[in-house]
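Coordinate inspection notes
Residue-level listing of the chains:
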Amino acid sequence: MKDDQIIIDDLIFEKYIQENDVYQRNVELSKELNDFYKDKNPLVIGVLNGCIYFMMDILNLCDFDYSVDFIRAKSYKGMESTKLNIEYFSDKKLIENKYILIVEDIIDSGKTISNIYKKLSTCKPKNIKIISLLSKVESVDEIDIDWCGFKIENKYVIGYGLDYNNLFRNLKDIYKLNEEEK
Ligand code: IMP
Ligand code: MG
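Residues numbered from 1 in each chain as written. Chains lettered and ligands numbered in written order. Predicted model: local features only at pLDDT ≥ 70, side-chain atom pairs only at ≥ 80, totals over all residues. Heavy atoms only, no water.

Among the structural elements, isoleucine 12 can be located in strand β2 (residues 11-17). The exposure class assigned to isoleucine 12 is buried, which follows from its relative accessible area of 10%. For the pair formed by isoleucine 12 and glutamate 180, sequence separation is 168 residues and the distance between their alpha carbons is 9.2 Å. (Helix = DSSP H or I, 4+ residues; strand = E, 2+ residues; numbered from the N terminus. Buried < 20%, exposed > 50% of the residue type's maximum accessible area, 1.4 Å probe, protein only.)

Rendered as structure tokens:
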């Protein structure tokens, strides 16, 4: 097995986005967040489990005050999209009149983020914005992704929070599925 390849279940993933490129992009994104959220005290809501590495890294680069909360959204089993399930941990009253920043690892079909966006909108926030590390689409159901780390091709990716059956979240770099090589 080469150092830049991950092999599992007959699948080959190859190195795609390096740790350092993610870091550099996080620095750029954090500057934009600093400009927008200065004195706004947002509630930053991470979409578990994939968001945690990106969320922590990006927030550590930000210098405004914020609160954090989480939502769990499970829609994938292996690489197949299955029924979406959203679980809330917070008192929804905390959302009312607040600036909300949703943190996602990846937007694929956009189903998950549209659902979350619509549900949070009913809690009367002042403003909702979305930041996603990766995106396979530009906008979904009339919702714009406000900040996106990398727009990527339509390939399954793992690493830096992204999983394949809950494995490989810990990888420092991001790997994509190589569908040609078998
Ligand atoms: P969507 O609803 O199709 O946009 O899928 C969103 C969710 O599916 C993401 O938050 C991820 O948890 C998961 N997902 C989508 N694509 C990938 C991928 O390439 N690798 C790992 N997880 C993915
Ligand atoms: Mg996710």
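More follows now that the structure is in view.
With that settled, the discussion passes to the site of ligand 1. Lining the immediate surroundings of ligand 1 are 17 residues, of which Asp108, Ser109, Gly110, Thr112 and Val157 lie closest. Interatomic distance of 2.6 Å between a side-chain N/O atom of serine 109 and an oxygen atom of ligand 1. Valine 157 is positioned with one of its backbone polar atoms (N or O) 2.7 Å from a nitrogen atom of ligand 1. Counting residues per element, the ones that place at least two in the shell around ligand 1 are β4 (67-77), β6 (99-107) and α3 (111-121). Looking at the shell around ligand 1 element by element, the count peaks at four residues for β6. Taken together, the residues of the shell around ligand 1 break down into six nonpolar, four polar and seven charged. (Near = heavy atom within 4 Å. Polar contact = N/O pair within 3.5 Å; in protein donor to acceptor, adjacent residues only side chain to side chain. Nonpolar A, V, L, I, M, F, W, Y, C, P; charged D, E, K, R; others polar.)

Moving on: the nonpolar core. In terms of nonpolar packing, the biggest core is built from 28 residues, with Leu33, Phe54, Leu101, Val103, Ile131, Leu134 and Ile174 touching the most fellow members. Breaking this core down by element, the ones donating at least two residues are α1 (19-37), β3 (43-48), α2 (52-60), β6, β7 (127-135) and β10 (147-151). Here isoleucine 131 is in contact with Leu29, Leu33, Phe54, Ile58, Leu101, Ile102, Val103, Glu104 and Trp147, once residues within four sequence places are set aside. In this structure, Ile45, Ile71, Ala73 and Ile145 belong to the second largest nonpolar core, which totals 20 residues. (Core = buried A, V, L, I, M, F, W, Y, C linked by side-chain atoms within 4.5 Å. Contact = heavy atoms within 4.5 Å.)

Ligation of the magnesium ion (ligand 2) by protein atoms is provided by Glu104 (OE) and Asp105 (OD), these donors lying 2.4 to 2.6 Å from the ion. Considered together, glutamate 104 and aspartate 105 belong to a single accessibility category, that of buried residues. (Donors = N, O, S within 2.8 Å, 3.2 Å for Na, K, Ca; no water.)

Tracing the chain through its elements places lysine 136 in the loop between β7 and β8 (139-140). Exposure remark for lysine 136: the relative accessible area of 19% places this residue in the buried category. In sequence terms lysine 136 and valine 68 are 68 residues apart; their C-alpha atoms lie 26 Å from each other. Leaving out residues up to four positions away in the same chain, lysine 136 has contacts with Ile106, Ile107, Asp108, Ile152, Glu153, Asn154, Lys155 and Tyr156. Only 3.3 Å separates the side chain of lysine 136 from the backbone oxygen of lysine 155, close enough to count as a polar contact.

A word on unusual backbone geometry. Of note, the bond from leucine 48 into asparagine 49 is cis; its omega dihedral lies within 30 degrees of zero at 0°. Within the fold, asparagine 49 resides in the loop between β3 and α2. In this structure, aspartate 10 takes a positive phi of about 70° despite not being glycine. Its location among the elements puts aspartate 10 in the loop between β1 (5-8) and β2. In the Ramachandran plot, lysine 124 falls in the positive-phi region, its phi being about 55° despite a non-glycine side chain. Mapped onto the secondary structure, lysine 124 falls in the loop between α3 and β7. On the accessibility criterion, lysine 124 (61% relative accessible area) is exposed.

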